[in-house]
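Analysis of the macromolecular model
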Amino acid sequence: MMIMKKFLVIIPVAILTAVVWSLGLWKKNADDTPTADLFQISKTNKIYCTLDTNISLRPNSLFEKKATTVVSLIVNRHFKRMQFDDTVSANIFDNFIEEIDENKLYLLQSDIDEFKKYRLSLDDELRQEKNNLNTAYYIYNIYLKRVYERLERNKLLLKEKYDFTTDEYYETDRKKIGYPKTQEDADKEWRKLFKNSFLEAKMIGETPETTVSKLEKRYETFKKNLTKTTVEDVFQTYMNALAMAYDPHTNYFSPVAASNFNMSMNRSLEGIGATLA
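Thresholds, definitions, all that
Residues numbered from 1 in each chain as written. Predicted model: local features only at pLDDT ≥ 70, side-chain atom pairs only at ≥ 80, totals over all residues. Heavy atoms only, no water. Helix = DSSP H or I, 4+ residues; strand = E, 2+ residues; numbered from the N terminus. Buried < 20%, exposed > 50% of the residue type's maximum accessible area, 1.4 Å probe, protein only. Expected span 1.5 Å × (residues − 1). Contact = heavy atoms within 4.5 Å. Axes fitted to C-alpha atoms, helices over the stretch in contact; angles between N-to-C directions. Parallel < 35°, antiparallel > 145°, perpendicular 65-115°, else oblique. Left-handed = near helix turned anticlockwise from the far one by under 90°. Nonpolar A, V, L, I, M, F, W, Y, C, P; charged D, E, K, R; others polar. Salt bridge = Lys/Arg side-chain N within 4 Å of Asp/Glu carboxyl O. Polar contact = N/O pair within 3.5 Å; in protein donor to acceptor, adjacent residues only side chain to side chain. Patch = residues over 30% accessible without salt bridge, like charges linked within 9 Å, V, L, I, M, F, W, Y side chains within 5 Å. Areas by Shrake-Rupley, 256 points an atom, 1.4 Å probe, with all protein chains shown as cover. Phe/Tyr/Trp six-rings, centres within 6.5 Å; stacked < 30°, edge-to-face > 60°.

1. Structural notes on the environment of Leu 226
As for its position among the elements, Leu 226 is in helix α8 (residues 208-227). Judged by relative accessible area, which is 8%, Leu 226 ranks as buried. In this structure, the C-alpha to C-alpha distance between Leu 226 and Val 147, residues 79 residues apart in sequence, is 9.0 Å.

Listed below in structure tokens is the structure:
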């Protein structure tokens, strides 16, 4: 077996953050404080988000400190050295919304309109040492609410009779369409998805009753998994949206995700006749 020389692997700084913090190795020093030349002066009249005390997922002070650390690392050490300004804020917002509802099947246009007032405030919010994650968790909790509402409505849609003699079109490129204005508009999109599932099942000889049972189990499993969403999960999604605002190849991994990533990379190197040492 060939033994290859050691390589210096450059890992995006955001991936390192979770590992360093989880090990307690992060020590802030002067070089890690966001420098003034990379921070554009904030505009006036910025709108900030206040979290309702009744929301299901909310960050604690630990995650607020971690957010400050990630921002410091990216702003000061990312190779692009971009201004941390409204342009970055808009990209963070767009990345985050796309990550949680890429197919535009859960959130409504009214939700997006409500969220947009924070679109240019995320950079300023993230500069704060406290309440710097409010907007992300506010948006995510609205998303969870919409998903639960949708899953309940889908139970009724699954029991409808579907007509396969009419021509319908489902736009698979979801970037070409907007968010549904109402739940009724969203119902129309979901009917098309279910109709496709029933048609595929019909082609292989499956009964409608069996198809309904399978789909109900699928979405019940999805709901159970959703209830297991943690504060860490939301934090990782938001910090990844921040990292990708600088570069699409820069990602933030939580400690667990980083460990899984490393294990998957190790497994991928097995069996190719070479060992990296």
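After presenting the structure, the write-up continues.
2. Brief notes about helix α7 (residues 183-203)
If you check α7, its first and last C-alpha atoms are 30 Å apart, about what 21 residues at 1.5 Å a residue would give, namely 30 Å. The complete set of buried residues in α7 reads Gln 183, Ala 186, Asp 187, Glu 189, Trp 190, Phe 194, Lys 195, Ser 197, Phe 198 and Ala 201. At its buried positions, α7 is contacted by α6 (134-157) and α8.

3. What to know about the side chain of Thr 211
One can find Thr 211 in helix α8. Classification of Thr 211 as buried rests on a relative accessible area of 5%. The contact partners of Thr 211, leaving out residues within four places of it in the chain, are Ser 197, Phe 198, Ala 201 and Glu 206.

4. Quick look at the environment of Arg 127
Residue placement: Arg 127 occurs in helix α5 (residues 122-127). Classification of Arg 127 by relative accessible area gives partly exposed; the value is 27%. The spacing of Arg 127 and Ala 67 is 60 residues in sequence and 9.0 Å in space, taken between C-alpha atoms.

5. Some words on the packing of α6 against α7
Their axes nearest at 11 Å, the elements α6 and α7 cross at an angle of 60°. Classified by the interaxial angle, the pair formed by α6 and α7 is oblique. Judged by the sense of rotation from one axis to the other, the crossing of α6 with α7 is right-handed. Along its contact with α6, which presents Arg 146, Glu 149, Arg 150, Arg 153, Asn 154 and Leu 157, the element α7 presents Gln 183, Glu 184, Ala 186, Asp 187, Trp 190, Arg 191 and Phe 194. Considering only residue class, the contact of α6 with α7 consists of four nonpolar, two polar and seven charged.

6. A word on the pattern of salt bridges
Tallied over the full model, the rule gives 19 salt bridges. The partner of Glu 114 in a salt bridge is Lys 117, and the shortest N-O contact between them spans 3.0 Å. Note that Lys 214 and Glu 206 form a salt bridge whose closest N and O atoms lie 2.6 Å from each other.

7. Things to note about the environment of Lys 104
Assignment of secondary structure puts Lys 104 in the loop between α3 (86-100) and α4 (109-115). When the C-alpha atoms of Lys 104 and Arg 174 are compared, they prove to be 7.0 Å apart, with 70 residues separating the residues in sequence. Aside from chain neighbours lying at most four places away, what touches Lys 104 is Arg 174, Lys 175, Ile 177, Gly 178, Tyr 179 and Pro 180. Only 3.1 Å separates the side chain of Lys 104 from the backbone oxygen of Arg 174, close enough to count as a polar contact.

8. Let's talk about a nonpolar patch on the surface
On the surface, a cluster of nonpolar side chains totalling about 430 Å² of accessible area is made up of Phe 164, Leu 199, Met 203 and Ile 204. You can see Ile 204 is positioned in the loop between α7 and α8. For Ile 204, a relative accessible area of 68% corresponds to the exposed category.

9. Quick look at the packing of aromatic side chains
Under the definition given, this model contains twelve aromatic pairs. When the centroid spacing of 5.2 Å and the interplanar angle of 70° are considered together, the rings of Phe 96 and Tyr 238 count as edge-to-face. Taken together, the residues span a long stretch of sequence, with Phe 96 in helix α3 and Tyr 238 in helix α9 (residues 231-246) at a distance of 142 residues. By relative accessible area, Tyr 238 is classed as buried at 2%. Ring pairing ties together the aromatic residues Tyr 106, Tyr 140, Tyr 143, Trp 190, Phe 194, Tyr 219 and Phe 222, which thus form one cluster.

Just distances and angles here, no functional claims.
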